[in-house]
Amino acid sequence: MLVEKNVPLQPFNTFGIAAKAHTLVRLRSLDDVRAWIEQSRSEDHLVLGGGSNIVLTGDVKVPVLKVEIMGRALVEETPRAWIVQAGAGENWHDFVTWTLEQGFPGLENMALIPGTMGAAPVQNIGAYGVELQDRFDSLDAVDLGTGREFTLDAAQCGFGYRDSVFKHAAPGVADSAQTQGFGLAGRALILRVRLALPKAWKPVLGYADLEKKRADSGIKEPSAHQIFEWVCAVRRAKLPDPKVIGNVGSFFKNPTVSQEQCDDIIARDPKIVHYRMVDGTVKLAAGWLIDACGWKGKTIGNAGVYEKQALVLVNRGTGSSNPADCATGGEVMTLARAIQTSVYERFGIRLEPEPVVV
Ligand code: EPU
């Protein structure tokens, strides 16, 4: 365990927001976590993975626990699946690449999602028709109150759309906008995650962007590796690389509305992009709603709306040596609120942020 004081967090959040951690604790093993629990007197802390889903609105006074637990392996082979495991500190995309190199398909649609393995279940990350929960086996975590290790299966993780038990407050932990109800937020630290990669693999291609790639290439039965290449190309074309332009991917969740509400909006805006769900509700493309309100390319201070995808907010000052050029968390949230207000005024829909605001 390594404890550092007054540590700049800019390199540790993909938005590139300048803020400091009063205390940063690097955790590389379960022993490190237990040593920290013994030594720390406060129950408050912030668990940080790859920093790809967080907006820092100021210096962080509670200890920041940076999870750096590494390791990846095939841990079991069943007649149906390869069970692969990764430490919570492993980079997600590197892990996807490694599984494909080993000959285990199944994660290719989720290539290039920024962040770490430990953050993947928190968000139930997903892209191009596949979500983490579709490939999930189990995970090991540690109770930050007691140091006790425990294992959860998919049902116990309570996965939903960009949601899980890890985003909801534990009993007794003060609720915030992000953490309502009962759950494990602030209580559990994920140590390692196991995924089940199916031997009877089938490509998942339904998304328009991937179908277009297939049509353009003339390949009828693409391999997992081919889909990986297509997903990387599609994402590189429309999502900014956080190393070049700070961002946290989609800033808002795609909202779900009732059929009646959707019909009402269609009557006024026939072009609205929407997807009918199996439960009868309708999911709307938040990017389209924001775009329709004219936000693409707009800025407030140094925070902006990405020109090629209105769902992504960006830090216009990334890479500048002058801290004054960089977006603050306050600017990002001012922009986010202005977007929420204009989407609400035009469509009557409340957009919910995807990242955790600290
Ligand atoms: N659209 C616009 N204008 C925009 C942006 C989008 O008209 O500025 C339209 C697009 O033309 C498209 C529709 O809105 O018809 C949906 O856009 P897109 O296909 O880009 O996907 P998305 O709904 O914006 C979601 C996920 C992404 C994931 C992609 C692909 C959420 C909040 N976002 O984006 O996830 O990569 O689908 O599966 O669910 C992330 O969570 O950080 C993320 C990037």
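Residues numbered from 1 in each chain as written. Predicted model: local features only at pLDDT ≥ 70, side-chain atom pairs only at ≥ 80, totals over all residues. Heavy atoms only, no water.

Taken together, the neighbourhood of the ligand is formed by 23 residues, with Tyr128, Tyr161, Asp291, Gln309 and Ala310 sitting nearest. With respect to the ligand, the side chain of Arg162 contributes an N or O atom lying 3.0 Å from an oxygen atom. Here an oxygen atom of the ligand and a side-chain polar atom of Lys238 are 3.1 Å apart. Of all the secondary structure elements, the ones that give two or more residues to the shell around the ligand are β8 (126-127), α7 (224-238), β13 (246-250) and α9 (286-292). The element that contributes the greatest number of residues to the shell around the ligand is α9, accounting for 3 residues. Here the residues of the shell around the ligand sort into 11 nonpolar, 6 polar and 6 charged. Built from parts of two domains, the shell around the ligand gets at least three residues from each of domain 2 (72-198) and domain 3 (246-357). (Near = heavy atom within 4 Å. Polar contact = N/O pair within 3.5 Å; in protein donor to acceptor, adjacent residues only side chain to side chain. Helix = DSSP H or I, 4+ residues; strand = E, 2+ residues; numbered from the N terminus. Nonpolar A, V, L, I, M, F, W, Y, C, P; charged D, E, K, R; others polar. Domains from an automatic or database assignment.)

The subject of this paragraph is the packing of helix α2 (residues 92-101) against α7. Interaxial distance between α2 and α7 falls to 10 Å at its minimum, and their mutual angle equals 155°. It follows from the interaxial angle that α2 and α7 lie roughly antiparallel. Taken as a pair, α2 and α7 cross one another with a handedness that is left-handed. Counting all contacts with α2, which are made through His93, Val96, Thr97 and Leu100, the residues of α7 involved are Ala224, Phe228 and Cys232. Class assignment of the residues belonging to the contact of α2 with α7 gives a composition of 5 nonpolar, 2 polar and no charged. (Axes fitted to C-alpha atoms, helices over the stretch in contact; angles between N-to-C directions. Parallel < 35°, antiparallel > 145°, perpendicular 65-115°, else oblique. Left-handed = near helix turned anticlockwise from the far one by under 90°. Contact = heavy atoms within 4.5 Å.)

Within this structure, the stated rule accounts for 19 salt bridges. Across the salt bridge formed by Lys238 and Asp209, the nearest N and O atoms sit 2.9 Å from each other. In this pair, Lys238 sits in helix α7 while Asp209 sits in helix α6 (residues 208-217), placing the two residues 29 residues apart along the sequence. Across the pair Glu307 and Arg316 runs a salt bridge, and its minimum N-O distance is 3.4 Å. Residue Arg316 is classed as partly exposed on the basis of its relative accessible area of 33%. Sharing partners across several salt bridges, the network here consists of Glu4, Arg26, Arg28, Lys66 and Glu68. (Salt bridge = Lys/Arg side-chain N within 4 Å of Asp/Glu carboxyl O. Buried < 20%, exposed > 50% of the residue type's maximum accessible area, 1.4 Å probe, protein only.)

Next up on the list: the environment of Lys283. If you trace the backbone, Lys283 turns up in strand β16 (residues 282-284). Judged by relative accessible area, Lys283 falls into the buried class, the value being 13%. If we ignore the near neighbours within four places in the chain, the residues touching Lys283 are Tyr161, Asn254, Pro255, Thr256, Val273, His274, Tyr275 and Met277.

Turning next to the packing of aromatic side chains. Across all of its chains, the model carries 7 aromatic pairs by this definition. Judged by centre distance (5.0 Å) and plane angle (35°), the ring pair of Trp82 and Phe104 falls under tilted. Taken together, the residues Trp82 in strand β7 (residues 81-87) and Phe104 in the loop between α2 and α3 (120-123) connect sequence positions 22 residues apart. Ring geometry for Phe95 versus Trp98: centroids 5.7 Å apart, planes at 25°, classification stacked. In this pair, Phe95 and Trp98 both sit in helix α2, 3 residues apart, roughly one turn of the helix. As far as burial versus exposure is concerned, Phe95 and Trp98 are alike and both buried. An aromatic cluster of at least three residues, connected via ring pairs, comprises Phe15, Phe251 and Phe252. Just above the ring of Phe12 sits the side chain of Lys66; from NZ or CZ to the centre is 4.9 Å. Against the face of Tyr161 rests Lys283, its NZ or CZ located 3.4 Å from the ring centre. (Phe/Tyr/Trp six-rings, centres within 6.5 Å; stacked < 30°, edge-to-face > 60°. Lys NZ or Arg CZ within 6 Å of the ring centre and 35° of its normal.)

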